Amino acid sequence: MTQPVKITVTGAAGNIAYSLLWRIAAGDVYGKDTPVDLALLEIPAAVEKAQGVAMELNDSALPLVNSITVTDDLKEAFENTSAAFLVGARPRSKGMERADLLEANGAIFTKQGKAINDYAARDVRVLVVGNPANTNALIAANNAPDLDNSQFNALMRLDHNRTLSQLALKTGKSTTDFTKVAVWGNHSASQFPDITYSNAEVDQDWYREEMIPKVAKRGAEIIEVRGSSSAASAASAAVDHMHDWIHGTEDWRTAAVPSDGSYGVDEGLICGFPTVSRNGQWEIVQGLELTDFQKERIEASVAELREERKAVADLL
Ligand code: NAD
Ligand code: LMR
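Quick caveat, the model's predicted, so the values are computed rather than measured. (Residues numbered from 1 in each chain as written. Chains lettered and ligands numbered in written order. Predicted model: local features only at pLDDT ≥ 70, side-chain atom pairs only at ≥ 80, totals over all residues. Heavy atoms only, no water.)

(A) Looking closely at the pattern of salt bridges. The full count for this structure, using the stated rule, is 13 salt bridges. Close ionic contact of Asp266 with Arg306 constitutes a salt bridge, the shortest N to O distance being 3.0 Å. Linking Asp266 in the loop between strand S9 (253-258) and strand S10 (270-278) with Arg306 in helix H10 (residues 292-311), this pair joins segments that are 40 residues apart in sequence. A salt bridge links Arg309 to Asp266; the shortest N-O distance between them is 3.1 Å. Of the two residues, Arg309 is situated in helix H10 and Asp266 in the loop between S9 and S10; the sequence distance between them amounts to 43 residues. Residues joined by salt bridges that share partners form a network here, namely Asp266, Glu299, Arg306 and Arg309. (Salt bridge = Lys/Arg side-chain N within 4 Å of Asp/Glu carboxyl O. Helix = DSSP H or I, 4+ residues; strand = E, 2+ residues; numbered from the N terminus.)

So, in C-alpha cells, the structure goes:
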C-alpha cells in the first residue's frame, strides 16, 4: 500500500457524484494499492445530503477509503488535494443548450479556481465536469495564477466514449477495437467527433450525416429519454480521464486541455484535441494533416469557445 492520496469531489450530493465517488473509492483512478482521503464539497443547503452519501460510503466498507470529509468550506475541501473533480454546478434541462448555464455556473469556478490556487497540492490535477465544462475550466484556470494552466482540464472523454460506442454499435465490433479516435472543440453540439485517422471502416455518409450529430447531441437525447442529464456515464468518463492522465496512454484519447496554439486553436482556450498522456501530462498529437472538412468543423467549434470566452471576460 502507498500513502493515501486526497481527492476532492464537488457537487457531492448530486447525481454524478453518486456514481463517481464509488468508482474513486474502488481504486479506479489511482489504483488498487492507493488509499484515498475523500473530500466532499457541497453548498450549505446540500451538506446534509452529502453527509448521507458519506454514510453510505462508510456502509460500503471499501478497503481503500482512509477518510471522508464533508464540507461547504473551500479551504477544507481543497487543502493539499491531489485531484479535484469539479462536478458541482447546475445541469441543463430540456430545451437548454449547455452555454445557457454560463451565467448560473460561471461564478462557481472563479471561487474554486482561487481556492485551488491557494490550498491544493502544487501538482494538483483539476477536471471540470460542470457545464459548460470547457469555459468553466478556463475560468478556474485563470483564477489560479500560481498553477500551470495545463493542470486544468475539461471533460470531453464522454464524447470520446460516445464516439467509440456508436462505432461499435454500427459495426458489431468492440469499443476497444478502434484506434485514433478523437473529438475536437467544445463539449457542445458544435463538437467534431473525428474518425479520419481511425481504423473504423464505416460508410462516410452515415458518419457525417448520422454519427456526428448523434454523438454531438447525445447529452440532449439522454435528457429527453431519461428525464435528467447523464450521470453514470459522465462519472465513468471522468474516471477514465483522470486515470489516463495519471497513468498514461498508448493510443489517442480525447481530453479538453489548454491549447498551445496547435491547429489554429487560440492559445489558452480549453479545447478537445487528440491527445496522449505521457509522464503524467497530456500532449496534443502533433503534425496531423487536416482536410477542409476537418478544418471547417474544428473552426466552427472553436468559434463557439471564443464566444463563450468573450461572455465570461469579467470572470477571467
Ligand atoms: P446535480 O444537480 O444532480 O448535482 C449538482 C450538485 O452540485 C448539487 O448537489 C448542488 O448542490 C451542487 N453544487 C452546486 N453549486 C455548488 C458549489 N458551488 N459547490 C459545490 N457543490 C455545488 O447535477 P449532476 O447531474 O451531478 O451534474 C453536475 C454538472 O455536470 C452539471 O453542470 C451537468 O450539466 C454537468 N455534466 C457534464 C458532463 C460532461 O461530460 N462534461 C456530463 C454530464 C453532466
Ligand atoms: C452530457 O453530455 O450528457 C452532459 O454534458 C449533460 C448535458 O447537458 O448534455
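Here the narrative resumes.
(B) Seen up close, the environment of Ala17. By secondary structure assignment, the location of Ala17 is in helix H1 (residues 15-25). When the C-alpha atoms of Ala17 and Ala50 are compared, they prove to be 9.6 Å apart, with 33 residues separating the residues in sequence. Excluding residues within four positions of it along the chain, Ala17 makes contact with Val9, Gly11 and Ala12. (Contact = heavy atoms within 4.5 Å.)

(C) Seen up close, the UniProt feature "binding site: NAD(+)" (unreviewed entry) in the protein chain. Using the residue numbers shown here, the UniProt feature "binding site: NAD(+)" (unreviewed entry) corresponds to Gly11, Ala12, Ala13, Gly14, Asn15, Ile16, Ala17, Asn105, Gln112, Val129, Gly130 and Asn131. Mapped onto the elements, Gln112 comes out in helix H4 (residues 102-119). Along the polypeptide, Val129 turns up in the loop between strand S5 (125-128) and helix H5 (133-142). Every residue in contact with Val129, bar those within four places of it in the chain, is listed here: Ile16, Leu86, Val87, Leu155 and Ala238. (UniProt positions renumbered as here; feature names shortened; annotations may be inferred.)

(D) Geometry of the UniProt feature "binding site: substrate" (unreviewed entry) in the protein chain. When the UniProt feature table is mapped onto this chain, "binding site: substrate" (unreviewed entry) is found at Arg92, Arg98, Asn131 and Arg162. Of note, Arg98 is situated in the loop between strand S4 (83-86) and H4. Discounting chain neighbours no more than four positions away, the residues touching Arg98 are Arg92, Asn131, Pro132, Arg162, His187, Ser188, Ala189 and Gly219. With respect to the helices and strands, the residue Asn131 is situated in the loop between S5 and H5. The exposure class assigned to Asn131 is buried, which follows from its relative accessible area of 18%. Setting aside its immediate chain neighbours within four residues, Asn131 contacts Arg98, Leu101, Asn105, Asn136 and His187. (Buried < 20%, exposed > 50% of the residue type's maximum accessible area, 1.4 Å probe, protein only.)

(E) Representation of the environment of Leu155 in the model. Position of Leu155 among the secondary structure elements: in the loop between strand S6 (152-154) and helix H6 (157-171). Note: C-alpha distance between Leu155 and Gly130 (25 residues apart in sequence) is 8.7 Å. Residue contacts for Leu155: discarding those within four places in its chain leaves Leu127, Val128, Val129, Ala133, His187, Ala234, Ala237, Ala238 and His241.

(F) Spatial organisation of the side chain of Thr71. Within the secondary structure, Thr71 is located in strand S3 (residues 65-71). A relative accessible area of 4% places Thr71 in the buried class. At a separation of 2.8 Å, a polar atom in the side chain of Thr71 contacts the side chain of Glu76. Aside from chain neighbours lying at most four places away, what touches Thr71 is Leu40, Leu41, Glu42, Val47, Glu76 and Ala77. (Polar contact = N/O pair within 3.5 Å; in protein donor to acceptor, adjacent residues only side chain to side chain.)

(G) Local environment of the site of ligand 2. Within the structure, ligand 2 sits among Arg92, Arg98, Asn131, Leu158, Arg162, His187, Gly219, Ile223, Ser229 and Ser230. In the model, an oxygen atom of ligand 2 is placed 2.7 Å from a nitrogen or oxygen of the Arg162 side chain. Residue His187 places a side-chain N or O atom 2.6 Å away from an oxygen atom belonging to ligand 2. Every element with two or more residues in the shell around ligand 2 is listed here: H6 and helix H8 (218-226). Residues of the shell around ligand 2, tallied by class, amount to 2 nonpolar, 5 polar and 3 charged. Built from parts of two domains, the shell around ligand 2 gets at least three residues from each of domain 1 (5-154) and domain 2 (156-312). (Near = heavy atom within 4 Å. Nonpolar A, V, L, I, M, F, W, Y, C, P; charged D, E, K, R; others polar. Domains from an automatic or database assignment.)

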